[in-house]
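Take a look at the letters that make up each chain.
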Amino acid sequence: MWGYYFEQLLHSLPMFWKGLAMTAGVSALSLVGGTIIGVVTGVLRARRRSIISHLLSLYVDFMRGTPFLVQLFIIFFILPEFGLQMEAFAAAVISLTIYAGSYICEIVCAAIEAVPSGQEEACRSLGHTHTQAMLLVILPQALRMALPALVGQYVLLIKDSSIVSVIGLTDITRAGWLTVQRVPEGLMVFALVGLLYFAVCFPLIHLSNYLERRFSTGELKL
Amino acid sequence: MLEYFNFRIIWEYMPLFMEGLYHTCWISLLGIIGALVVGMIACACRISRVKWLVAPAVVYIEAIRSTPLLAQLYFLYFGLPSLGIDVSELTTGIVALSLNSGAYVAEILRAGFKGIPFGQVEAAMGQGFNVYQRFLFILLPQALANTLPPLLGQAIVLVKDSAVLSLISVMELTRAGQVLNSERFMPSEAFLTVAALYLVIYYALKGVTKFYQLRMMRFRSA
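Our subject in this report is the structure included herewith. (Residues numbered from 1 in each chain as written. Chains lettered and ligands numbered in written order. Predicted model: local features only at pLDDT ≥ 70, side-chain atom pairs only at ≥ 80, totals over all residues. Heavy atoms only, no water.)

### A few points about the overall build of chain A
Piece 1. The helix and strand inventory of chain A stands at nine helices and zero strands.
Piece 2. Put simply, chain A runs from its N terminus to its C terminus through helices and strands in the order α-α-α-α-α-α-α-α-α.
Piece 3. Summarising its shape, the C-alpha atoms of chain A cover approximately 75 × 50 × 25 Å along the three principal directions.
Piece 4. The buried share among the 222 residues of chain A stands at 49%.
Piece 5. By sequence separation, contacts in chain A at least 24 residues apart represent 77% of the contacts at least 6 residues apart.
Piece 6. Summed over its atoms, the accessible surface of chain A is roughly 10600 Å², and 67% of this surface lies on carbon and sulfur atoms. (Helix = DSSP H or I, 4+ residues; strand = E, 2+ residues; numbered from the N terminus. Buried < 20%, exposed > 50% of the residue type's maximum accessible area, 1.4 Å probe, protein only. Contact = heavy atoms within 4.5 Å. Areas by Shrake-Rupley, 256 points an atom, 1.4 Å probe, with all protein chains shown as cover.)

Set out below in structure tokens:
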């Protein structure tokens, strides 16, 4: 029986490749978007006691305090009520982007605060403005420190992208879900699903560990 | 926006939401207890000097950390029946949550043990403590005290992850939102209420973490 099911599984392999492409596409798009949002909001939030920083704290708390599944439902079901019709793909990318942005905001903000204040003071005494000091001196150091945590966040993002299968995007998880309806061998089908995620995430986790070792020698750590 | 927002429906469905909140709370509590047990065992195997204990622990931790919870949940949900194990969706869900968070707990605890200076062990040896006494009275309390904030962070993640259980039709908070949405087609009322209730749990756990960190700071500086 196992042999027969295995053959069946081999027949649905093309769907899994398409699923892999979908997972990679959704993750990559929201990875780029999330990094941009995260860095911008992180820089804005690092300046304490301003209204913007309090508003951004609310944004981060909301994203960190509610499940991604609920956020996805809010974007996918509620925005159409306000006349914003969108496809599942757009809804998935938008919600993943906003979600990842909040986590990256937190990482970038912590990294900026970990840069010694002497750097900022030195810049100001050399006549740089706050913006120049931030962009030219503090942010490059902060991003370097944040890099391992960022890669770790990307792994989480790829894993969380499995949730978008719920709104009908055929990513790896949904490919498995569709296959298991015809091939009633759940262990085999989802072992394959797990293997595909593993192939993407495992190297990234080790890249993150490597970066941490590489960048933490004698330097400040997050 | 508020003129579209129907508070009466939320009030009408309040018992359902409260039931969902209640289920989410105790499912998460069981999941956290399970994750602590699994995590402690996995951590003990991971840091032991016995090779055939280390290898399975590494495989378990890495496999869990590089695959999404949803894939693990489907693996158990569709896989267990084909092994002849017939358990309810609820049990499957709690087991999946425990196994998933257990791997992260194991890594957190490992970092906690790593952070204890070796002098502590030497001092305990000097006082004539044997290996079990050293572990139980010297190492474990310190490791737990050092890792309580990240463990609480993992508890927050677990509460949010439990939303995924709604996809295998376990009755919990997100499911309550889905029920309201499918019965009345009112996604804003349904999912914004759900999000607000998750935020209540989030802020409570965050408050505990902050309180504990303050206590620790005062304790260390005293």
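### What about the interface of chain A and chain B?
Interface size is commonly expressed as the accessible area that is lost once the parts come together.
Piece 1. Counting residues at the interface gives 42 residues for chain A, matched by 37 residues for chain B.
Piece 2. For the pair chain A and chain B, the two sides together bury roughly 3300 Å², of which 74% comes from carbon and sulfur.
Piece 3. Together, Asp61, Lys159 and Leu187 of chain A form the three largest contributors to the area buried by chain A at its contact with chain B, with a combined 17%.
Piece 4. Joining chain A to chain B, the criterion identifies one salt bridge.
Piece 5. The salt bridge partner of Lys206 of chain B is Asp61 of chain A, with a shortest N-O separation of 3.0 Å.
Piece 6. In this assembly, chain A and chain B are joined by eight residue pairs in polar contact (both at pLDDT 80 or more). (Buried area = accessible area lost by both parts, 1.4 Å probe. Salt bridge = Lys/Arg side-chain N within 4 Å of Asp/Glu carboxyl O. Polar contact = N/O pair within 3.5 Å; in protein donor to acceptor, adjacent residues only side chain to side chain.)

### Structural notes on the nonpolar core
Piece 1. Phe16 of chain A together with Phe17 of chain B are the most contacted members of the largest nonpolar core, which totals 101 residues.
Piece 2. Considering each element in turn, this core owes the most residues, 10 residues, to helix H9 (residues 187-221) of chain B.
Piece 3. Not counting chain neighbours up to four residues away, the residues in contact with Phe16 of chain A comprise Leu9, Ile172, Ala175, Gly176, Thr179, Val189, Leu192, Val193 and Leu196 of chain A.
Piece 4. Ala46, Ala111, Ile138 and Leu139 of chain A belong to the second-largest nonpolar core, a separate cluster that totals 17 residues. (Core = buried A, V, L, I, M, F, W, Y, C linked by side-chain atoms within 4.5 Å.)

### Points about the side chain of Ser66 of chain B
Piece 1. Structurally, Ser66 of chain B is set in the loop between helix H3 (51-65) and helix H4 (69-82).
Piece 2. Accessibility expressed as a relative area gives 0% for Ser66 of chain B, which makes it buried.
Piece 3. Of note is the side chain of Ser66 of chain B, whose polar atom sits 2.4 Å from the backbone oxygen of Glu62 of chain B.
Piece 4. Among all residues touching Ser66 of chain B, those that are not within four sequence positions of it are Lys159, Tyr197, Phe198, Cys201, Phe202 and Ile205 of chain A.

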